[in-house]
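As a plain string of letters, each chain reads:
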Amino acid sequence: MSALSVDHLLGIKYLKKTDIELIFDTADHFKEVINRSIKKVPTLRDITIANIFFENSTRTKLSFELAEKRLSADIINFSAGQSSVKKGETLIDTVNNILSMKVDMVVLRHPNPGAGIFLAKHVKAAIVNAGDGAHEHPTQALLDTYSIREKLGKVTGKNVLIVGDILHSRVALSNIFALQLLGANVMVCGPKTLLPKYIEALGVAVETNLKKGLEWCDVANMLRVQNERMEVSYFPTTREYAQQFGLNKRLLQELGKEIVIMHPGPINRGVEITSDVADSGQSIILEQVENGVAIRMAVIYLLASKIK
Ligand code: CP
């Protein structure tokens, strides 16, 4: 197979295993490119991409922008805070106005779940979901699973623990779908209040004791507590959350085995993970960010191939 089965990247839910394998193979090539002295290829000189961000972002926004520049695409950047959205313009009007400037692809981050799916039905451009509320963050899951494959040689058969605020996490849902497609075993761990009621229906194991989860896993992906999505308190205090669900050096040393530590960022140091763990040799947090550029180059390249 040399083409994706989809015309948009709206979520991992819509991908096949072969799509992920194609993205990984393509990312392998681009990772080699971005480690050369000349880190750029002329492949997408005829493509224009709009990065439309209605929510804050550091890693995803910069990573997409760099991926597009490495592929020689023309790009425009839109941040809702400085736009006519503040004057009441709708999402469709905003995007259609941007597309009338001859834009081929939209990378969209939006606080509302399904924003990309809605847009893909109403505008003529390839849509890449860069995070839609608490729904999906497909490129994060792709770079996470790619990083596991790089570190452990394969994803199939590995035990992956996702810890923390599962309820509000688009990273968790996309990771669950991607890990299962690739044949990993998935367990989620967190306070009961931050575990969605339907979670077991997704075929994942559930644990509320972090030590037990860590004893089971090969990889622990520590998620951020998403205070910005909480209207009420889901645990007594941040200190108690850190005591029960925070990963620290003592817990790791007690395991008697080496596990791989991941975090999608941004990190709340001292809450879900202590600095000595985040910055340790077991952590692949910065490798995840590095791999994000190659993964996003692969996604953009493969989607652009379908509109050329
Ligand atoms: N991991 C992630 O999505 O980070 P940003 O919000 O900084 O893009």
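Note: the structure precedes this text.
Calculation notes
- Residues numbered from 1 in each chain as written.
- Predicted model: local features only at pLDDT ≥ 70, side-chain atom pairs only at ≥ 80, totals over all residues.
- Heavy atoms only, no water.
- Near = heavy atom within 4 Å.
- Polar contact = N/O pair within 3.5 Å; in protein donor to acceptor, adjacent residues only side chain to side chain.
- Areas by Shrake-Rupley, 256 points an atom, 1.4 Å probe, with all protein chains shown as cover.
- Nonpolar A, V, L, I, M, F, W, Y, C, P; charged D, E, K, R; others polar.
- Domains from an automatic or database assignment.
- Helix = DSSP H or I, 4+ residues; strand = E, 2+ residues; numbered from the N terminus.
- Buried < 20%, exposed > 50% of the residue type's maximum accessible area, 1.4 Å probe, protein only.
- Contact = heavy atoms within 4.5 Å.
- Pairing = 2+ DSSP bridges.
- Axes fitted to C-alpha atoms, helices over the stretch in contact; angles between N-to-C directions.

Now, about the site of the ligand: what can you tell me, with residues and values included?
Taken together, Ser 57, Thr 58, Arg 59, Thr 60, Arg 109, His 137, Gln 140, Pro 264 and Gly 265 make up the full set of residues near the ligand. A distance of 2.9 Å separates a nitrogen atom of the ligand from a polar backbone atom of Pro 264. The fraction of the free accessible surface of the ligand (250 Å²) that becomes covered by protein chains is 91%. Taken together, the residues of the shell around the ligand sort by class into 1 nonpolar, 6 polar and 2 charged. Residues from two domains meet in the shell around the ligand; each of domain 1 (12–136 + 289–304) and domain 2 (138–285) gives at least three.

Before we move on, could you go through the side chain of Lys 31 and cite the residues and values that matter?
In this structure, Lys 31 sits in helix H1 (residues 17–34). The buried category is assigned to Lys 31, whose relative accessible area is 15%. A distance of 2.7 Å separates the side chain of Lys 31 from the side chain of Asn 291, its partner in a polar contact. Setting aside residues up to four positions removed in sequence, Lys 31 forms contacts with Tyr 146, Glu 150, Glu 290, Asn 291 and Ala 294.

Let's hear about the sheet that holds strand S7 (residues 205–207): which residues, and what values?
Taken together, 5 strands build an open sheet; the order of strands is S7-S6-S5-S8-S9 and the sheet is parallel. Across the chains shown, the open sheet's two edge strands, defined by having one partner strand only, are S7 and strand S9 (260–262). On average, each strand axis in the sheet is tilted by 20° relative to the strand beside it, whichever way the strands run. For strand S5 (residues 159–163) and strand S8 (residues 219–222), the ladder comprises 4 bridges, and the chain directions are parallel. Residue pairing across strands places Ile 162 opposite Asn 221, the latter belonging to S8. Contacting S5, S8 and S9, helix H5 (residues 138–152) runs over the sheet at an angle of about 160° to S9. Contacts between helix H6 (residues 170–181) and the sheet are confined to S5, strand S6 (185–189) and S8, with S5 contributing the most and set at about 175° to the helix.

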